[in-house]
4 protein chains.
Amino acid sequence: MAKAFALADLERIIAERASASPEVSWTAKLLSKGPSRVAQKLGEEAVETVIAALDNDKAALIGESADLLYHLLVLLRSRDILVQDVLDELQRRSARSGLAEKAARREG
Amino acid sequence: MAKAFALADLERIIAERASASPEVSWTAKLLSKGPSRVAQKLGEEAVETVIAALDNDKAALIGESADLLYHLLVLLRSRDILVQDVLDELQRRSARSGLAEKAARREG
Amino acid sequence: MAKAFALADLERIIAERASASPEVSWTAKLLSKGPSRVAQKLGEEAVETVIAALDNDKAALIGESADLLYHLLVLLRSRDILVQDVLDELQRRSARSGLAEKAARREG
Amino acid sequence: MAKAFALADLERIIAERASASPEVSWTAKLLSKGPSRVAQKLGEEAVETVIAALDNDKAALIGESADLLYHLLVLLRSRDILVQDVLDELQRRSARSGLAEKAARREG
């Protein structure tokens, strides 16, 4: 069975494109405009994700969520952050809040 | 070596919390308010991600990106979408645009 | 002295454009796409306003704030709301919170 | 007849509150946190305005638009910009695009 596509795969693809010329790669072009412009795109994709969620349009929500994830990874790259750093942070928080939830259940 | 934490792990954790009581789980409480409210939270986290990116504060950007991913997965759950559906969409697009970039390079 | 330009003037201009053909008026074209699309534009302009504020670029912040106000008034029109209804709400709140602040000062 | 409440009135009220102590005035407290934090609040209010517009809830849209205008004026103050500067920019643009629309109609 083929391994499922993951954020690490997307990050690798973005890294390849980032090293291409801004003339052939849209991603390289966006990165060349700086983090401020990448952040603007992320904000716009978030607005579109919100709207797709409220419209209750599943295909649109999948598409906009894909755009949002893509631009989040481009933004992380523009600030030299690995997506695994973000995932590790989520793991740490999950461990902490898991303990907190267990404590809350015992007390409840 | 332990397997790195991935979106699928986060999705599983969110599913566990979603089945808990809204009194003990913040995630269950948020989901009980409906997709509109989850979308609002996603929008707010996106704004904070934009600000952390512009402030060039790496720790803040990692933290806000984690919040954004968390709320994106809660939003997907509120609309019965699996995160793998979004990742598969990203894989399809990458394949397509990879071909487009190759064509552009040949032409260039 | 000429009367200063106000939101009511902008609303009148938007009303004139709304009645034009979508082929000659960008505003009429946007309105023809429905409130969801106008709301998306408002969200995008808000992101650009946030970025201009963080960049501390006064001219950009004036320009983006103008875009934001314009799209807010187009959004209100798409939902048949007069801008004076919003201003009246602000007046009511100001009266209430003014009293609350006076009370707080007496107590303090 | 009483003069209708306008953005200039709101700006004057915000100026009064800004000069109060952050302990008694919520506005003074927000301003004391700096433009970044005010911009974040503006972004959040924009998200809520988008959601109210999509929910087609008139009362909510009036309320959220009021919140958005309020925070826009607080943001302008945090960057020493007068709201009339933004309104004057809107007047300039309206004059320009009015001419452009007239030209388009003649040509059409």
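To keep things clear, this report deals only with the structure shown in the data block. Quick caveat, the model's predicted, so the values are computed rather than measured.

### So, the overall build of chain A
A count of helical and extended segments in chain A gives five helices and zero strands. Classification of the 108 residues of chain A by burial places 52% in the buried group. For chain A, the proportion of contacts with a sequence separation of at least 24, taken over those separated by at least 6, is 53%. When the accessible surface of chain A is split by element, carbon and sulfur atoms take 52% of a total near 5,200 Å².

### So, the relation of the copies chain D and chain C
Turning chain D through 180° and shifting it by 0.0 Å along the axis lays it on chain C, with an RMSD of 0.0 Å. Considering both components of the superposition, the chain copies are consistent with a two-fold axis. Minimal C-alpha separation from the rotation axis in chain D is found for D:Ala46, amounting to 3.2 Å. When the interface residues of chain D are mapped onto chain C, 98% of them again fall at the interface, so both copies present the same face.

### A look at the interface of chain A and chain B
Contacts between the two partners involve 51 residues from chain A, matched on the other side by 50 residues from chain B. Both sides of the chain A and chain B interface together cover about 4,500 Å² of buried area, and 70% of this is carbon and sulfur. On the surface where chain A and chain B come into contact, there are two salt bridges. B:Arg93 is the partner of A:Asp67 in a salt bridge, and the nearest nitrogen-oxygen pair spans 2.7 Å. On the surface where chain A and chain B come into contact, there are 14 residue pairs in polar contact (both at pLDDT 80 or more). Among the secondary structure elements, those contributing two or more residues to the side of chain A that touches chain B are helix 1 (7-18), helix 3 (35-55), helix 4 (58-78) and helix 5 (83-107) of chain A. When residues of the side of chain A that touches chain B are assigned to their parent elements, the largest contribution, 14 residues, is made by helix 5 of chain A. Residue composition of the side of chain A that touches chain B, grouped by class: 29 nonpolar, twelve polar and ten charged.

### Quick notes on the packing of helix 3 of chain A against helix 3 (residues 35-55) of chain C
Direction vectors running N to C along helix 3 of chain A and helix 3 of chain C enclose 150°, while the axes themselves pass 9 Å from each other. In terms of axis orientation, helix 3 of chain A runs roughly antiparallel to helix 3 of chain C. Our pair here, helix 3 of chain A against helix 3 of chain C, has a crossing hand that is right-handed. Listed contacts from helix 3 of chain C to A:Ser36, A:Ala39, A:Gln40, A:Gly43, A:Glu44, A:Val47, A:Glu48, A:Ile51 and A:Asp55 of helix 3 of chain A are C:Ser36, C:Ala39, C:Gln40, C:Gly43, C:Glu44, C:Val47, C:Glu48, C:Ile51 and C:Asp55. A breakdown of the residues in the contact of helix 3 of chain A with helix 3 of chain C according to their chemical character gives six nonpolar, six polar and six charged.

### Topic: the relation of the copies chain A and chain B
Between the two copies of the chain lies a rotation about an axis combined with a shift along it. When chain A is brought onto chain B, the operation consists of a screw motion whose angular component is 180° and whose axial shift is 0.0 Å, with 0.0 Å RMSD remaining. Both copies present the same face, since 98% of the interface residues in chain A are matched by interface residues at the equivalent positions in chain B.

### Some thoughts on helix 4 (residues 58-78) of chain D
Between the first and last C-alpha of helix 4 of chain D there are 30 Å, a value that for 21 residues agrees with the 30 Å anticipated at 1.5 Å per step. You can read the cap of helix 4 of chain D off the contacts: a side-chain oxygen lies 3.3 Å from the backbone nitrogen of D:Ala59, and it is on D:Asp57.

### Digging into the pattern of salt bridges
Inspection of every chain in the model, using the stated rule, returns 28 salt bridges over all chains. Ionic pairing is found between A:Glu16 and A:Arg12, a salt bridge with its closest N-O pair at 3.6 Å. Residue A:Glu16 and its partner A:Arg12 are both found in helix 1; the two are separated by four residues, about one turn of the helix. Accessibility expressed as a relative area gives 46% for A:Glu16, which makes it partly exposed. When the shortest N-O distance is used, the salt bridge between B:Lys41 and B:Glu45 registers 3.9 Å. Taken together, the residues span about one helical turn, with B:Lys41 and B:Glu45 both in helix 3 (residues 35-55) at a distance of four residues. Among the residues examined, B:Lys41 registers a relative accessible area of 16% and is labelled buried. One salt-bridge network, held together by shared partners, links A:Asp67, B:Glu89, B:Arg92 and B:Arg93.

### Notes on the environment of D:Gln84
Secondary-structure assignment places D:Gln84 in helix 5 (residues 83-107). Along the sequence, D:Gln84 and D:Ala8 sit 76 residues apart, while their C-alpha atoms lie 7.6 Å from each other. Leaving out residues up to four positions away in the same chain, D:Gln84 has contacts with C:Ala4 and C:Phe5. A distance of 3.1 Å separates a polar atom in the side chain of D:Gln84 from the backbone oxygen of C:Phe5.

### Notes on the side chain of D:Ser25
Residues and elements named next belong to chain D. Within the secondary structure, Ser 25 is located in the loop between helix 1 (7-18) and helix 2 (26-32). Overall, Ser 25 belongs to the buried group, its relative accessible area being 1%. Here Arg 17 takes part through its backbone oxygen, which lies 3.4 Å from a polar atom of the side chain of Ser 25. Polar side-chain contacts of Ser 25 include one of 3.0 Å to the backbone nitrogen of Ala 28.

### Concerning the interface of chain D and chain C
Taken residue by residue, the interface counts 51 residues in chain D and 50 residues in chain C. The contact between chain D and chain C buries some 4,500 Å² in all, and 70% of this surface belongs to carbon and sulfur atoms. Three residues, D:Phe5, D:Ile62 and D:Arg79, lead the burial of chain D against chain C; their summed loss comes to 14% of the area buried on that side. Taken together, the links from chain D to chain C amount to two salt bridges. With 14 residues, the single largest contributor to the side of chain D that touches chain C is helix 5 of chain D. Here the residues of the side of chain D that touches chain C are counted per class, giving 29 nonpolar, twelve polar and ten charged.

Rules used throughout
- Residues numbered from 1 in each chain as written.
- Chains lettered and ligands numbered in written order.
- Predicted model: local features only at pLDDT ≥ 70, side-chain atom pairs only at ≥ 80, totals over all residues.
- Heavy atoms only, no water.
- Helix = DSSP H or I, 4+ residues; strand = E, 2+ residues; numbered from the N terminus.
- Buried < 20%, exposed > 50% of the residue type's maximum accessible area, 1.4 Å probe, protein only.
- Contact = heavy atoms within 4.5 Å.
- Areas by Shrake-Rupley, 256 points an atom, 1.4 Å probe, with all protein chains shown as cover.
- Least-squares fit on C-alpha atoms with pLDDT ≥ 70 in both.
- Buried area = accessible area lost by both parts, 1.4 Å probe.
- Salt bridge = Lys/Arg side-chain N within 4 Å of Asp/Glu carboxyl O.
- Polar contact = N/O pair within 3.5 Å; in protein donor to acceptor, adjacent residues only side chain to side chain.
- Nonpolar A, V, L, I, M, F, W, Y, C, P; charged D, E, K, R; others polar.
- Axes fitted to C-alpha atoms, helices over the stretch in contact; angles between N-to-C directions.
- Parallel < 35°, antiparallel > 145°, perpendicular 65-115°, else oblique.
- Left-handed = near helix turned anticlockwise from the far one by under 90°.
- Expected span 1.5 Å × (residues − 1).

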